Amino acid sequence: VNAPVIRQGGTNKRIFTATTPTDLTISGLRLQGEGTGASLADTGLIDINGGTRVRIVDNEVYDGRNGIVAFSVTDLWIERNHVHAFRKQGIVAGKCVNFHIDRNVIHACDETGANGVYGIHATGDQAGGATQTRNSVSFNHIYDVKAWDGFMTHDVDGLQIIGNDIRDVRNGIDIGHLASTNVVKNIIIANNYIESTTTNTWSPSNAVCSGIAVVGYDATHLVEGVTISGNVVKGFGAFAQATGAGGIWIAYNSNVVLTGNSIRETHTVAAGEATGGVFVNGTVKALSIMGNTIMDASSNPSLFGINFYGATVDQVAITGNTFRNDASGMTDCIATKSSTAVTGMSLGA
């Protein structure tokens, strides 16, 4: 962006805000905040509430608590922006329908404690009548978000997460529901590169450290219909963590396909049963794990390639996967632990 800098005029002020606009385009701006500690709460330096057909394209937004924030917008495009030097959230699309967050560069979150921060945050509100549908998060570069997630959503129907490069994060892609009223279904996660941070801002607290996490609410509120394909996931599970850390974590899901993923250098530092290259727990129905490569470079002797841990699984097919142990770390290629009930399992070469 080659334009004069527009600076924030006080720590509680937004630079650009609009309420219920129609056919709004914000493009070619350079917006600088008053610092990442500025008390803007959940608002952004660009802040949109409501409206339809909003385009936020080719801007630079930096040095604020949050970068670009849009709530309750129908037909939203946030594309080719450079968002950096923020404290909590780079880009937010909350309760939006037909949103597309594509080809942005998001980096340099300076949160240093054990607090949730997000490169991109896109959560709906099914209970409030705001189901997020027809959405994409694609070809973004997200890095240096050490304290939490590259991308997060907890309520969405129809989401494509394709071709993103996500590095130096605690969790790469975090999908699930936090409440029984959430709906999470029809998800495609494909061809992303996801690499863990090596900096533990949560120390000494436990916290999940996963490349891709798709987690439902409970045994009767499952994530429905997920394809995870062609991703490279590297280096997760390296810190003290809650159960579920590892390369790809599936819990409380139905109709899941994991195919063609490369999971590398997954670690564990404690309770080795509670992680894995692919980690499955909770209730899972109709799971296919096919053609993945799981490579271990951990020196801990209790890591598993595919780990069913405390899970109740009905109908699982495990076929054509490659397991390679580069050190002494992978105890078993496939493990079932902690009173797991696995029915209808088929194994193939």
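What you see is a predicted model, and the numbers here were worked out from it, not measured in a lab.

> Which residues make up the environment of Ile228, and what values do they have?
Here Ile228 lies in strand 20 (residues 223–229). The exposure class of Ile228 is buried, given its relative accessible area of 0%. Between the C-alpha atoms of Ile228 and Ile289, which are 61 residues apart in sequence, the distance is 9.7 Å. When sequence neighbours within four positions are dropped, the list of residues in contact with Ile228 reads Ile189, Ile212, Val214, Ile248, Ile250, Val257, Leu258, Thr259 and Asn261.

> If you had to explain the pairing of strand 10 (residues 97–102) to someone new, which residues and values would you point to?
The buried count for strand 10 comes to six of six residues, which makes it a mostly enclosed element. Sheet analysis places strand 8 (residues 74–79) next to strand 10, joined by five bridges and oriented parallel. Residue Thr74 lies in a different strand from strand 10, and its bridge partner there is Val97. Two elements, strand 10 and strand 13 (residues 133–138), share three bridges in a ladder whose sense is parallel.

> How would you explain the packing of aromatic side chains if you had to name every residue and give the values?
Evaluation of the coordinates by the stated rule reveals two aromatic pairs. Their ring planes at 40 degrees and their centres at 4.9 Å tell us that Trp148 and Trp202 sit as a pair that is tilted. Linking Trp148 in strand 14 (residues 141–153) with Trp202 in the loop between strand 18 (193–196) and strand 19 (210–215), this pair joins segments that are 54 residues apart in sequence. Exposure class is identical for Trp148 and Trp202. Each is buried. Judged by centre distance (5.9 Å) and plane angle (35 degrees), the rings of Phe279 and Tyr309 are tilted. On the criterion of sequence distance, the pair formed by Phe279 in strand 24 (residues 275–290) and Tyr309 in strand 26 (residues 303–319) is long-range, its members being 30 residues apart. Under the relative-accessibility criterion, Phe279 is labelled buried at 0%. The ring of Trp77 carries the charged tip of Arg55 above its face, separated from the ring centre by 4.5 Å. The ring of Phe139 has Arg103 lying over it, and the distance from NZ or CZ to the ring centre is 4.8 Å.

> An account of the side chain of Asp157 is needed here, citing residue identities and associated values.
Checked against the element boundaries, Asp157 lands in strand 15 (residues 156–162). Look at Asp157: it is buried, it has no salt bridge, and the nearest opposite charge is Lys185 at 4.0 Å. Setting aside anything within four residues of it in sequence, one finds Asp157 in contact with Thr131, Gln132, Thr133, Arg134, Asn135, Lys185 and Asn186.

> Outline the layout of surface pockets, listing residues and values.
Estimates place the volume of the largest pocket at around 230 Å³. Among the secondary structure elements, those contributing two or more residues to the lining of the largest pocket are strand 14, strand 16 (165–176) and strand 19. By residue number, the principal contributor to the lining of the largest pocket is strand 16, which donates four residues. Taken together, the residues of the lining of the largest pocket break down into nine nonpolar, five polar and two charged.

> Describe in detail the pattern of salt bridges, supporting the description with residues and values.
Where charged atoms from two side chains of opposite charge come close, those side chains can pair. The tally for this structure, following the rule as stated, stands at 10 salt bridges. Two residues, Glu60 and Arg30, come together in a salt bridge whose shortest N-O distance is 3.2 Å. With a gap of 30 residues between them, Glu60 in strand 7 (residues 60–71) and Arg30 in strand 4 (residues 30–32) connect regions that are remote in the sequence. Note on Glu60: relative accessible area 13%, which makes it buried. One salt bridge in this structure joins Arg80 and Asp58, with 2.8 Å as the shortest N-O distance. Linking Arg80 in the loop between strand 8 and strand 9 (82–94) with Asp58 in the loop between strand 6 (52–57) and strand 7, this pair joins segments that are 22 residues apart in sequence. One salt-bridge network, in which partners are shared between bridges, spans Asp144, Lys146 and Asp168.

Rules and cut-offs
- Residues numbered from 1 in each chain as written.
- Predicted model: local features only at pLDDT ≥ 70, side-chain atom pairs only at ≥ 80, totals over all residues.
- Heavy atoms only, no water.
- Helix = DSSP H or I, 4+ residues; strand = E, 2+ residues; numbered from the N terminus.
- Buried < 20%, exposed > 50% of the residue type's maximum accessible area, 1.4 Å probe, protein only.
- Contact = heavy atoms within 4.5 Å.
- Pairing = 2+ DSSP bridges.
- Phe/Tyr/Trp six-rings, centres within 6.5 Å; stacked < 30°, edge-to-face > 60°.
- Lys NZ or Arg CZ within 6 Å of the ring centre and 35° of its normal.
- Lys, Arg positive; Asp, Glu negative; His and termini not counted.
- Salt bridge = Lys/Arg side-chain N within 4 Å of Asp/Glu carboxyl O.
- 1 Å grid on protein atoms, 1.4 Å probe; cavity = no way out; pocket = protein on both sides within 12 Å on 5 of 7 lines; lining within 4 Å.
- Points joined across faces, edges and corners; volume = space filled by probe spheres on them.
- Nonpolar A, V, L, I, M, F, W, Y, C, P; charged D, E, K, R; others polar.

Fair warning: the whole summary comes from geometry, so function is off the table for now.
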